[in-house]
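Analysis of the macromolecular model
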Amino acid sequence: WIMGLGVKPLDWPPGAVGVEGRRGVFRVHPISYAVYGDYHRLNPLPKVYDFSPYAPAGMSKFTSYESKGGVRYGPLEEYRYQDDYSRSYFAVTRKKGGWDCMRHYEILAAGSIPYFLNISSLPNNTMTSFPRHLVQHAMSLPGVYYDEVGGAG
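Residues numbered from 1 in each chain as written. Predicted model: local features only at pLDDT ≥ 70, side-chain atom pairs only at ≥ 80, totals over all residues. Heavy atoms only, no water.

Describing the overall build of the chain
- Counting its secondary structure elements, the chain contains three helices and five strands.
- Reading the chain from its N terminus to its C terminus gives the helix and strand order β-α-β-α-β-α-β-β.
- Accessible surface for the chain amounts to roughly 9800 Å². Of this, 57% is attributable to carbon and sulfur atoms. (Helix = DSSP H or I, 4+ residues; strand = E, 2+ residues; numbered from the N terminus. Areas by Shrake-Rupley, 256 points an atom, 1.4 Å probe, with all protein chains shown as cover.)

Thoughts on the packing of aromatic side chains
- A full pass over the atoms with the stated rule returns eleven aromatic pairs.
- Judged by centre distance (6.1 Å) and plane angle (80°), the ring pair of Phe-90 and Tyr-115 falls under edge-to-face. Within this pair, whereas Phe-90 is found in strand β2 (residues 88–93), its partner Tyr-115 is found in strand β3 (residues 113–116), the two being separated by 25 residues in sequence. An identical accessibility class is assigned to Phe-90 and Tyr-115; each is buried. (Phe/Tyr/Trp six-rings, centres within 6.5 Å; stacked < 30°, edge-to-face > 60°. Buried < 20%, exposed > 50% of the residue type's maximum accessible area, 1.4 Å probe, protein only.)

Thoughts on helix α3 (residues 132–139)
- Taken residue by residue, α3 has Arg-132, Val-135, Ala-138 and Met-139 as its buried positions. End-on view of α3: buried residues confined to an arc of 130°, all on one side of the axis. Residues His-133, Leu-134 and His-137 are exposed on α3 and point more than 90 degrees away from its buried face. (Arc of directions from axis to C-beta.)

Section: the pairing of β3
- Pairing of β2 with β3, which is carried by four bridges, proceeds in the parallel orientation. Considered in β3, the bridge of Ala-91 is made with Pro-114.
- This β-α-β element, β2 to helix α2 (residues 102–109) to β3, shows right-handed connectivity. (Pairing = 2+ DSSP bridges. Right-handed = clockwise from strand over helix to strand, strands pointing away.)

A word on the nonpolar core
- Among the nonpolar cores identified, the biggest contains 19 residues, and Phe-116, Ile-119, Met-127 and Phe-130 are the most heavily contacted of them.
- Mapped by element, the contributors of at least two residues to this core are β2, α2, β3 and α3.
- Phe-130 has contacts with His-104, Tyr-105, Leu-108, Pro-114, Phe-116, Ile-119 and Val-135, leaving out every residue within four places of it along the chain. (Core = buried A, V, L, I, M, F, W, Y, C linked by side-chain atoms within 4.5 Å. Contact = heavy atoms within 4.5 Å.)

With respect to unusual backbone geometry
- The phi torsion at Met-127 lies on the positive side, around 50°, for a residue other than glycine.
- One can find Met-127 in the loop between β3 and α3.
- Residue Met-127 is classed as buried on the basis of its relative accessible area, which comes to 3%.

Looking at helix α1 (residues 78–86)
- Within α1, burial applies to Tyr-81, Gln-82, Asp-83, Asp-84, Tyr-85 and Ser-86.
- Taken together, the buried residues of α1 touch β1 (49–51), β2 and α2.

Brief notes about the environment of Gly-111
- By the secondary structure assignment, Gly-111 is in the loop between α2 and β3.
- Separated by 68 residues in the primary sequence, Gly-111 and Asn-43 have C-alpha atoms spaced 8.0 Å apart.
- Contacts of Gly-111, omitting those with residues within four sequence positions, involve Pro-44, Lys-47 and Ser-88.

Considering the confidence of the model for the chain
- The pLDDT averaged across the chain works out to 77; a share of 69% of its residues lies at or above 70.
- Here residues 59–69 is a poorly scored stretch, pLDDT under 50, and it has 25 contacts once near neighbours within four places are set aside; other chains count. (pLDDT = per-residue confidence, 0-100.)

Thoughts on the packing of α1 against α2
- Viewed as axis vectors pointing N to C, α1 and α2 meet at an angle of 65°, and their least axial separation amounts to 8 Å. Crossing handedness for the pair α1 and α2: right-handed. Note on element contacts: α2 touches α1 through Arg-103, Glu-106 and Ile-107, opposite Glu-78, Tyr-81, Gln-82 and Tyr-85.
- Within the contact of α1 with α2, the residues separate by chemical class into three nonpolar, one polar and three charged. (Axes fitted to C-alpha atoms, helices over the stretch in contact; angles between N-to-C directions. Left-handed = near helix turned anticlockwise from the far one by under 90°. Nonpolar A, V, L, I, M, F, W, Y, C, P; charged D, E, K, R; others polar.)

If you want it as structure tokens, here you go:
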């Protein structure tokens, strides 16, 4: 299956010669997201949250685990979204439509640590430039706890 093209035979494109001159053998290189240099905060804001007040919920954008009157960001309030990440030690993220997305890297660029809810399910050849082992280590530090239902523990 090739995204948007459907099922294609191994010798697609026709007549193509792959690795070491063998037909149908192609080397696949992983790709990854990155953030704009403008997103990088050399001096993050002072930390006031253990966990960012924003957390991805379902498949919608700009919602919050504090949606009972909690944080919502409008389409022109990206600065507030980034500031809240910068003011947080951790920010919750997870797989939504796919594994890799800008949110993970926005969190890092803001000076926060992604708290990746389902990182143990992340396939090995996915998000190859993401510092998965550092994030897992930070998530396992004593006192760091997040309850998916109630938020920070």
